Amino acid sequence: MSELTGQPVNRTDGRLKVTGAATYAAEFKPQNMAHAVTVQSTVSRGHVSKIDTKAAEKAPGVILVITSKNALMLHQPDGNGDGRLGEKDLLPLQSDRIHYDGQHIAVVVAETFEQAEYAASLIKVDYDLSRPEIDIERSIAHLYEPKQSMGRELQIHRGDINKGLAEAGVKISETYSTPVYHHNPMEPHATIAEWNGDELTVYDATQGVMGTRGNIAQLLGISPEKVKVISLFLGGGFGCKGFMWGHTVLAPMAAKMIGRPVKIVLSRQQMFTCNGHRSRTIQKIALGATKDGKLTAVQHNTIGETSFVDEFVETAGIATQLLYSTPNLEVTHKLVRLNKGTPTPTRAPGEAPGTYALEAAMDELAYKLNIDPVQLRLINYAEVNEQNHKPWSSKNLRECYQRGAELIGWNDRRAEPGTQRQGKYLVGYGMATCTYPANRSPASARVKMMADGRVLAYSATQDIGTGTYTIMTQTVADALGIPLSKITFRLGDSTLPKAPNSGGSQSAASVGPAVRAAALGVRSKAIKLATSDKISPLYGYSEEDIYVDNGLLIVKPDPVRAESYLHLMKRHKLDFIEDEVTTQVSTRETKGGGDDKKKAENEASKADEAIDRKQYHFQSFGAVFVRVLVDPAIGKAHVDKCAAVIDAGRIMNMKTAKNQIMGGMIFALGMALMEETAYDPNNARVVTRDLAQYLVPVNADMPQFEVQFIDKPDPYISPIGARGIGEIGITGTTAAIVNAIYNATGRRVRDLPVTPDKLI
Ligand code: MOS
């Protein structure tokens, strides 16, 4: 049996998904379940002065109407739990105050969804209005400097930025802006809550079952042991299911009040208000360089937005501190508070809009210097992280540039804009660097080999559509030498061994090593049993002499000597062999996701933890090249080809990995050309509330994709060598598209999206 890790194995949950047998959060059917609909504010600032629920209460099928008058009191989480609330200062239905359009102000619970929705329409709300503010520019007097973002510095300086800019032979200084984006996963948010005495089960569309468990327990003032959170499948999260939002606690609150299970599903319209978004950004970038292209100064000043009820920073400048070599650097982040819901991580938070601005600016600099954009990046290649002086754990970005250029046919590009045609279209080529941090957090896993030959593996991680089920199954198969078909990987259940939130592209790198170590622990136990058993053909050999394949333990120097796990377990009358592991490794300074009391004496895990990581910086890189066709008559840009070469360490599954990068590039295509949440300046409400008005790329928009990987294991991230790949495809790609549009047309659009009105 050859090694499965890396192979383009089909999704182990693929059949369940295409047959509809995969159960998503909204599809569980506890007995006697009631349906709840939330009523949202239709103003953006003020108070609810009167809420008339009489007609709703009398409507057919209505069981209960909850407002701030009769809602159960919630407790303020202490911030030390496993998860984070989207809005810590806006616990739902606890006050009359309105901070944004779409804030939950009532919940109607009825026998059916239709009855709940009808009754909700009968609720009359009067407001005391204040003047809302939804515009960064108009609030600019209230700009402030946030202190940090999830433990990271936001104001970063090295050298002397003014000196660096003054010394530069060539300079550019431009402002780039990105609008508000909404995640829009195909599956909306959904929560079902079911109480059994004082025990609560919550089926939730979440990227983090442990975090949701912790938040719910703290909000309700109960012990986390009493709360079980289930999230078996996710129809995309993209960040909006990473932190927990109000509706997720309203379901258990309502269920408790009526003594029945309750389901809440947010509508597509509601998904545009109360579950986070990507902040609008205004990014000023100044670059200084010598005439031969060496950067002397990099300045990246970002203004973003947050709400009045929490702080979230779109960390657009974070990657700028390390992407290129420069002696002088300034990165700043400032915020204003607006009457919108609180922003939240969105599809490569920070890096997506940040690399758009920086990589577009690098293209502008390349033109001004008359240096090829690839060459400019090679001249300024960062051999180490110049901010913290640490070497990279591994970096093969030069090879990414070279291979990417070949894939797109970069040599066919003409530097002078507007000079290349194909029929009625203007043709343009653009490129950019991709980068995303290689996050790893503490994680636990348990592997249990059963006497009947099945292997069960468990971890309270999530598969948010990325392929976690599949790559973890491959990992177990390789460690044990057991065919994939014998292995069941269970996740998405908070009663399983603790794992981190599936955000920040960290699940493969965090959970993979724990799963591998637990499986190797089982294998080691089996081998020890056999080699110390006089009846076994393996008797007397050392552990290193044994390898595993297709359910057999085999003696390397003498392969006719072998026995199966099954025989061994039967002879020893074992029902199972099991091991559980917690790895404590973290590549960043955040709170752990591991379960301390479960720390096992596991050799593989000890070897993993013994790697000295402090001296390295863990970061993934890549290069993306695109070709666009622009129809000058109607100003429409079409991405014709998109080629990426990504360096993310070892690739665990070539098929799901390519999927991930393509998905990221499609997000970037949306950012570049179509996505934008619009607000009405008159009433401060969200205008684009469905997918007819908020455009996302569809099949007809797809380019030809070429995705390749360097696929060299990162020697320091883990014994597997894999870094995350969930988000890096989004980074850089937006800039590559915009740069290609400039190459095609000579139009430099700096405020996204590049819609036809800006090109015509
Ligand atoms: Mo991802 S936006 O870090 O969930």
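Here, the structure is the one placed above.
Attention in this report is confined to the structure presented alongside it. The shown structure was predicted, so the numbers you read here are calculated from the model rather than taken from an experiment.

Here is what the cut-offs are and how they apply
Residues numbered from 1 in each chain as written. Predicted model: local features only at pLDDT ≥ 70, side-chain atom pairs only at ≥ 80, totals over all residues. Heavy atoms only, no water. Helix = DSSP H or I, 4+ residues; strand = E, 2+ residues; numbered from the N terminus. Rg over C-alpha atoms; globule rule 2.2 N^0.38 Å. Buried < 20%, exposed > 50% of the residue type's maximum accessible area, 1.4 Å probe, protein only. Contact = heavy atoms within 4.5 Å. Areas by Shrake-Rupley, 256 points an atom, 1.4 Å probe, with all protein chains shown as cover. Lys, Arg positive; Asp, Glu negative; His and termini not counted. Charge placed at Lys NZ, Arg CZ, Asp CG, Glu CD. Pairing = 2+ DSSP bridges. Axes fitted to C-alpha atoms, helices over the stretch in contact; angles between N-to-C directions. Arc of directions from axis to C-beta. Polar contact = N/O pair within 3.5 Å; in protein donor to acceptor, adjacent residues only side chain to side chain. Core = buried A, V, L, I, M, F, W, Y, C linked by side-chain atoms within 4.5 Å. Expected span 1.5 Å × (residues − 1).

Turning to the overall build of the protein, a few remarks are in order. On a plain count of helices and strands, the protein comes out with 17 helices and 31 strands. Since a compact globule built from 760 residues should have a radius of gyration of about 27 Å, the 27 Å found for the protein is in line with a globular shape. Oriented by its inertia axes, the alpha-carbon framework of the protein measures out at about 80 × 75 × 50 Å. In the protein, which comprises 760 residues, the proportion classed as buried is 62%. For the protein, restricting intrachain contacts to residue pairs at least 6 apart in sequence, the fraction spanning at least 24 positions comes to 80%. For the protein, the computed accessible surface area is about 28500 Å², with 50% contributed by carbon and sulfur atoms. Between the mean site of the 86 positive side-chain charges and the mean site of the 84 negative ones, the protein shows a separation of 1 Å.

Here the focus is the sheet that holds strand 15 (residues 281–289). Ordered in space as 9-17-16-15-10, the five strands form an open sheet in which the pairing is mixed. Unpaired on one side and paired on the other, strand 9 (156–158) and strand 10 (170–178) mark the two borders of the sheet. Looking at each pair of strands side by side, their axes are set apart by 10° on average, direction ignored. Bridge count between strand 16 (residues 295–306) and strand 17 (residues 329–337): nine bridges; the pairing is parallel. By the bridge assignment, Glu-305 is partnered in strand 17 with Val-336. Running at roughly 150° to strand 10, helix 8 (residues 351–369) makes contact with strand 10, strand 15 and strand 16 of the sheet.

Moving on: helix 14 (residues 603–610). Structurally, the α-helix is built with 3.6 residues per turn, so residues lying three or four positions apart point the same way. Those residues of helix 14 that sit buried are Ala-604, Ser-605 and Asp-608. Projection of helix 14 onto a plane perpendicular to its axis shows the buried side chains occupying an angular sector of 95°, all on one side. Seen from the buried face of helix 14, the exposed residues on the opposite side, beyond 90 degrees, are Glu-603 and Ala-610. Buried residues in helix 14 make contact with helix 12 (507–531) and strand 28 (576–583). For helix 14, the N-terminal cap is Asn-602; the gap from its side-chain oxygen to the backbone nitrogen of Ala-604 is 2.9 Å.

Next up on the list: the nonpolar core. With 102 residues, the main nonpolar core has Leu-287 and Leu-673 as its most contacted residues. For this core, the element with the most residues is helix 8, which contributes 10 residues. The residues contacting Leu-287, other than those within four sequence positions of it, are Leu-165, Val-170, Lys-171, Ile-172, Leu-295, Ala-297, Val-298, Leu-358, Ala-361, Met-362 and Leu-365.

Ordered in space as 24-23-22-28, the four strands form an open sheet in which the pairing is mixed. This sheet does not close on itself; its edge strands, each paired only once, are strand 24 (487–490) and strand 28. Direction aside, neighbouring strands of the sheet carry axes that sit 15° apart on average. Relative to strand 28, strand 22 (residues 443–450) is paired through eight bridges, and the arrangement is antiparallel.

Taking 1.5 Å per residue as the helical rise, helix 11 (residues 468–480) with its 13 residues ought to reach 18 Å, and the 18 Å between its terminal C-alpha atoms agrees with that figure. Here helix 11 lies mainly inside the structure; 12 of its 13 residues are buried. One or two residues past the end of helix 11 sits Gly-481, with phi positive at roughly 65°.

Along the chain, Arg-588 falls in the loop between strand 28 and helix 14. Distance in space between the C-alpha atoms of Arg-588 and Thr-475 is 24 Å, their sequence separation being 113 residues. The residues contacting Arg-588, other than those within four sequence positions of it, are Asn-439, Arg-440, Ser-441 and Gln-506.

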